[in-house]
Amino acid sequence: MKKLAIVFAFLFALQSFSQEKSFEIIGTLKAEDSQQPLESATVYLERVKDSSVVTYTISDKDGKFKIENSTYDKDLNFYVSYVGYKTYFKKIPIDKEAINLETISLSLDNQLGEVLVKSTAPITIKKDTLEFNVKSFKTKKDANVEDLLKQLPGVEVDEEGGITVNGKPVNKILVNGKPFFGDDPTITTKNLTKDIIEKIQVVDTKTKSEAFTGEEGDKENKTINLTIKEENNKGVFGRVSAGAGTDERYELAGMVNLFDNDRRISVLAGGNNTNTPGFSFGEISKMFGQGSSASINSNGSFTIDGRSFGGGEGITTSQNAGANYADVIGEKTDVAADYFFTSSNSENESSSERETILSDSRYFTNSNSKSENDTDNHSFNLEFEIETDSTFQINIEPSFGYSKSRTLYSSNEETLDEDMLLTNQSNVNSNVERYVKRFSNEISVTKKFGSRGAFIKAELETRINQQESDDFLNSNTEVFGSNPENIDRNQFTEGENNSYGISTKLSYRLPIITKKFFLNLDYEYAKDKDNNRKSTFDFNTLDQDFTDFNTDLSTDFQYTDYRSIPSVGLSYRGEKFSTSFDLGYNIRTLKNQDVLRPEFNVERNFENLEVNSYVGYTFSPKSSINVNYWLENQPPGLRQLQAYEDVSNPLQTIIGNPDLEPSNNHGLYLGYNGFDWQKRTGFYVGINASLTDNQVVSKTTIDEETLKRTTTYVNIDGNYNIGSWVNYSKDFKIDTLRTVKLKLRASYNTLERINFNNDVKYASKSDRISPRLGIDFIWKKVLEFKPYYQVSYTNTAYDIEAFDDREFTSHNAGLRTATFLPKNLEWRNDISFNYNPNVADGFQKSAWFWNSTLAYSMFNDKAIVTLKVYDLLNQNTNAVRIATQDYIEDKQSTVLRQYFMLSLSYKFNSLGSKGETGDGDFIIFD
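Every value quoted in this text rests on a predicted model; they were computed, and no experiment measured them.

**Student:** Give a detailed account of the overall build of the protein, specifying residues and quantitative values.
**Tutor:** Per the secondary structure count, the protein includes 5 helices and 51 strands. Each of the 926 residues in the protein was classed as buried or not, and the buried ones make up 46%. Counting contacts in the protein only where the partners sit at least 6 residues apart, residues at least 24 apart contribute 66% of the total. A total accessible area of about 43,700 Å² is found for the protein, and carbon and sulfur atoms account for 53% of it.

The following block contains the structure:
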């Protein structure tokens, strides 16, 4: 019967398509009062029968539009919507393929005193804001926010939940303007359902103070704010889920939300032993991480068959729980708070074989290790936003954290020279317990003056991180050769690493041209202090305790970084053109005090320019271009400046360099973003370049006989990295149900790195190109078919004869499918294939990976039964080959293997209309 139903469904669909008529409607829009063309007006068609949207478009800068589609309706309702003007309506007979409406004039809407009816237009443009009507974008009944976002033009959601809008990443998601469980956006997008959302606002990412003053925010990142429907702002909703599988695999999750107008309380809890990070209910493919493929790194290395599905190496069992609270206190204070607890246990065994290439020889290292880690982490965040009036705002954001962990680790390693003779070997066993306390607080006070855009702002940030550790170590190291050594260590190390930071900033903006052109004056003072103490005690056989203080392996440092940065800048913000230029002068003092070895004390003073500039031009709501240049200053790290000899590893001595200079990094970004609403075409292209002066790099010398290593640090000039990319997407609408989407991505990267190999200075230049083609076929309510293919080619050249130039090629193909027939049944597959012909004989050149999920909805889509298979072909071996300029390594570690799991999830909802979507629902999209 099921097969027969599917056949009838297909026949019915084909019959419907055979009656469809293609059409094209063109015309020109202008304002009746000014006779000027209307750019970015919304033109859309609705069915007469049920007012469902057939298609839509946006007028261009000349007011022209072209709207084309196919339908089996005899007539369609034609609308034109533009802010400030009356909506134009006309019923159009679809009796011919080409329809020319000539010029349409829109009259001003002067009915300001009447109750405004919410727009039903799929898209409404207001300056730099777009509004999408939710009703115009169909999803399945139980859709979450992520499913909704995938339907929006210009919005892309990858397999791991990462979101981009017109090529720019979304780095923050809010609910009713407040954070929802910290910085993990997938908790929101995967677990809040579409049916409670009224609109989605997508804007440039801004701090609360920037939003208050009207400053431009982060042009390269977006923030999504989910606004709950008014009728859905009071009630309870949530979901629970549980699953059990083979090999004792399991997953549990539960979430309850209580909304009462401005008050919002949410509680969640979960656990699994399937290497799933974060929090998810796990139905369909949500619990599966994206299968990693054979990849080539930017330094010319490549990895094949290595996978990090959810948790990377090892097997992780995790539990988590959290609560979120948001409310309004009085009329002037918004408060938000969240608490999150995570607990995990990870086990891993790994083995590796490495060939290290020196300028005049090579050696080989074989190692095996085993580790077990238990970690508990607590985090608590608060936000207070206080607006005493329209000109004065206070923001306070404290954050607290506490974690404890225990790691048991054991390893054995052997090193052989070029003639395969054993030169050294070591065995290590350690037991480390670590406790970390964290606190930070950000306070900003902003006062606006007048109506021209002037303000003064004071900011204070404090940071405290206190870490304590107890480390029991038992090791044996043997060095062979003419001067053999046997080093036995049985030690206890008590460590403290405390970091303190404070920074203050005072900003004043003086308007030169009202709300457009400003003079910006800033002064910042910051101090960071690190206290690093490590007290090591050897085991005393007489006392049978760790009582002998080992000075050579003990440290006690105080590292301080003082910065004083005055800066001045100009900024301009017009309708289409905006720019800013800020010039700062960084007066920095670095001080390193060695309590145990005062002769190594260091104090250095530096003065450097810092630059941050931006130019942006918006051609239309469809497209824009941005250019950024910056000059940043980065000081050397604490360990890099310490001149004493760190011999904690008997086979590797590290000596700092107190004469290191800070690094200066020049950065340049150029990006174009465009989305054509008429052609459903997205085009994004960008270039990102960096050049670093005085970059700190390691310099290692290897003893020819023992192969013991001595490492120090030096400054070098000339390292650069230039990356470019282009993304192109195009929707081809076959009919009202079927769409083909073409997705083309390509990237090119070139970089040069200057390094040292056994005291020999050399440069490597690496070029990488990686095109990717994807074609998505979407048949609404029937199936999705999404194949893709990517090839990566890397060429690395060296300027010394000791290293051979290298070329690597890898291929990555995949297929993602989904079927939705018969009704209530959903079947998804994620198949990937990786091939790299460059690896050595005997090492696996290709691998398949297949995840499959079958889900059935019951009880009016409130419950879902899911059967999923992880690694259906049972090929997840986690065998990895890594090749860099000076070594080649084969590695294998514990990995999550094939399992089958049956799970059940159930959602409940007592909010308002319980998921019925009204005509006035919109999405706002920047």
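**Student:** So what about the packing of aromatic side chains? Which residues, and what values?
**Tutor:** Throughout the structure, instances matching the rule amount to 24 aromatic pairs. Consider the rings of Y617 and F619, whose centres lie 5.0 Å apart with planes at 70 degrees: the pair is edge-to-face. Taking the relative accessible area as the measure of exposure, F619 reaches 41% and is therefore partly exposed. One aromatic cluster is present, formed by F472, F492, F539 and F546 through successive ring pairs. Looking at R354, its charged tip hangs above the ring of Y887, at a distance of 3.8 Å from the centre. Sitting over the ring of F756, K699 keeps its end group 5.1 Å from the ring centre.

**Student:** Run through a positive patch on the surface, naming residues and quoting values.
**Tutor:** Taken together, the side chains of K138, K733, K780, K781 and K823 present a region of like positive charge at the surface. Inspection of the secondary structure assignment puts K733 in strand β40 (residues 719-733). You can call K733 partly exposed: its relative accessible area is 42%.

**Student:** So what's going on with the side chain of N324? Residues and values would help.
**Tutor:** Tracing the chain through its elements places N324 in strand β21 (residues 315-329). Overall, N324 belongs to the buried group, its relative accessible area being 2%.

**Student:** Could you give an account of a negative patch on the surface, naming the residues involved and the relevant values?
**Tutor:** Where like charges cluster on the molecular surface, the negative patch consists of D360, E418, D419, D703, E704 and E705. Since its relative accessible area comes to 61%, D360 is described here as exposed.

**Student:** Please give an account of the sheet that holds strand β2 (residues 42-47) that cites residues and values.
**Tutor:** Pairing in this open sheet of 4 strands is antiparallel, and the strands run β3-β2-β5-β6 from one edge to the other. Looking along the sheet, the strands with just one partner apiece sit at the ends: β3 (53-58) and β6 (88-93). Direction aside, the axes of adjacent strands within the sheet are offset by 20 degrees on average. Sheet analysis places β2 next to strand β5 (residues 75-81), joined by 6 bridges and oriented antiparallel. In the sheet register, R47 faces β5, and the bridge partner there is L76.

**Student:** Describe the pattern of salt bridges, listing the residues and the values that go with them.
**Tutor:** One pass over the structure, following the stated rule, counts 28 salt bridges. The closest approach of N and O atoms between D327 and R263, which form a salt bridge, is 2.9 Å. Highlighted residues: D327 in strand β21 and R263 in strand β18 (residues 263-272), separated in sequence by 64 residues. For D327, a relative accessible area of 7% translates into the label buried. For R263, a relative accessible area of 40% translates into the label partly exposed. One salt bridge connects R828 with E826, and the closest N-O pair in it is separated by 2.6 Å. A residue is classified by how much of its surface remains accessible, and E826, at 9% relative accessible area, is buried.

**Student:** How would you summarise the sheet that holds strand β4 (residues 64-71) if you had to cite specific residues and measurements?
**Tutor:** Read from one edge to the other, the open sheet built from 3 strands follows the order β4-β1-β7, with strand pairing classed as mixed. The open sheet has two edge strands with one neighbour each: β4 and β7 (98-106). Each strand axis lies, on average, 20 degrees off the axis of its neighbour in the sheet, ignoring direction. Bridge count between strand β1 (residues 21-31) and β4: 8 bridges; the pairing is antiparallel. Paired with I25 across the two strands is I67, which belongs to β4.

**Student:** So what about the pairing of strand β24 (residues 392-416)? Which residues, and what values?
**Tutor:** With 23 bridges joining them, strand β23 (residues 362-389) and β24 adopt antiparallel strand pairing. Note on β24: the bridge partner recorded for S371 is Y409. In this structure, β24 lies alongside strand β25 (residues 422-449), joined through 25 bridges in antiparallel fashion. By the bridge assignment for β25, R406 is matched with E433. Hairpin connection, β24 to β25: the antiparallel pair is bridged by 5 residues, and M420 has positive phi, about 65 degrees.

**Student:** I'd like a description of a nonpolar patch on the surface, backed by residues and values.
**Tutor:** Taken together, the side chains of F449, I456, L506, Y508, L510, L521, V568, F581, L583, Y585, I587 and L609 make up a nonpolar region of the molecular surface, amounting to roughly 970 Å² of accessible area. Contributing elements (two or more residues each) for the nonpolar patch: β27 (485-513) and β31 (577-594). Broken down by element, the residue count for the nonpolar patch peaks at 4 residues, all from β31. As for its placement among the helices and strands, V568 is situated in strand β30 (residues 555-573). On the basis of relative accessibility, which here comes to 39%, the residue V568 falls in the partly exposed class.

**Student:** An account of the pairing of strand β50 (residues 899-909) is needed here, citing residue identities and associated values.
**Tutor:** Pairing between strand β16 (residues 234-245) and β50: 9 bridges, direction antiparallel. Within β50, the position partnered with G238 by the bridge is F908. Summarising the sheet, strand β47 (residues 863-870) and β50 pair through 8 bridges and their orientation is antiparallel. Within the sheet, the bridge partner assigned to V869 lies in β50 and is F900.

**Student:** Give me the lowdown on unusual backbone geometry, citing residues and values where you can.
**Tutor:** The omega torsion of the bond from L821 to P822 falls at -5 degrees, within 30 degrees of zero and hence cis. Looking at the element boundaries, P822 is found in the loop between β44 (806-819) and β45 (825-835). A positive phi is found at E102, a non-glycine position, where the angle reads about 60 degrees. Secondary-structure assignment places E102 in strand β7.

**Student:** Report on the environment of F546, specifying residues and quantitative values.
**Tutor:** Structurally, F546 can be placed in strand β29 (residues 545-549). Along the sequence, F546 and T536 sit 10 residues apart, while their C-alpha atoms lie 8.8 Å from each other. F546 has contacts with F472, N490, Q491, F492, F537, D538 and F539, leaving out every residue within four places of it along the chain.

**Student:** Just give me the short version of the nonpolar core, but keep the residues and values in it.
**Tutor:** In terms of nonpolar packing, the biggest core is built from 38 residues, with L149, I163, I200, I224 and L226 touching the most fellow members. Setting aside chain neighbours within four positions, we find I163 in contact with L149, V155, E156, V157, K168, P169, V170, I173, T189 and I224. Within the second largest apolar cluster, 21 residues are counted, among which are V54, F78, Y85 and I104.

Cut-offs and rules
- Numbering of residues starts from 1 in every chain and runs along the sequence as written.
- In keeping with the model being predicted, local features are shown solely for residues with a pLDDT of at least 70 and side-chain atom pairs are shown and tallied solely at 80 or more, while totals for entire chains, interfaces and linings include all residues.
- Note that the side-chain values use all heavy atoms of the structure and ignore hydrogens as well as water.
- Every helix listed is a DSSP run of H or I at least four residues long, and every strand listed is a run of E at least two residues long, numbered separately from the N terminus.
- Burial classes: relative accessible area under 20% of the type maximum marks a residue as buried, over 50% as exposed, and values in between as partly exposed (1.4 Å probe, protein chains only).
- Residues are treated as being in contact if the distance between any of their heavy atoms lies within 4.5 Å.
- Using a 1.4 Å probe, the Shrake-Rupley method yields the accessible areas, and only the shown protein chains count as cover for residues.
- Aromatic pairs are defined between Phe, Tyr and Trp rings, using the six-membered ring for Trp, whenever the two ring centres lie within 6.5 Å; interplanar angles under 30 degrees are classed as stacked, those over 60 as edge-to-face, and all others as tilted.
- Only when the NZ of Lys or the CZ of Arg is both within 6 Å of the ring centre and within 35 degrees of the ring normal is a charge said to sit over the ring.
- Each patch groups residues whose relative accessible area exceeds 30% and which form no salt bridge, using 9 Å between like charges and 5 Å between nonpolar side chains of Val, Leu, Ile, Met, Phe, Trp and Tyr.
- A carboxyl oxygen of Asp or Glu within 4 Å of a side-chain nitrogen of Lys or Arg is what we treat as a salt bridge.
- In this charge count, Lys and Arg are treated as positive and Asp and Glu as negative; neither His nor the chain ends contribute.
- By convention, charge coordinates are those of NZ in Lys, CZ in Arg, CG in Asp, or CD in Glu.
- A pair of strands is labelled paired if DSSP reports no fewer than 2 bridges between them.
- Note on method: axes are straight lines fitted to C-alpha atoms, helices fitted across the in-contact stretch only, with angles between N-to-C directions ranging 0 to 180 degrees.
- To form a nonpolar core, buried Ala, Val, Leu, Ile, Met, Phe, Trp, Tyr and Cys residues must be joined to one another through side-chain atoms within 4.5 Å.

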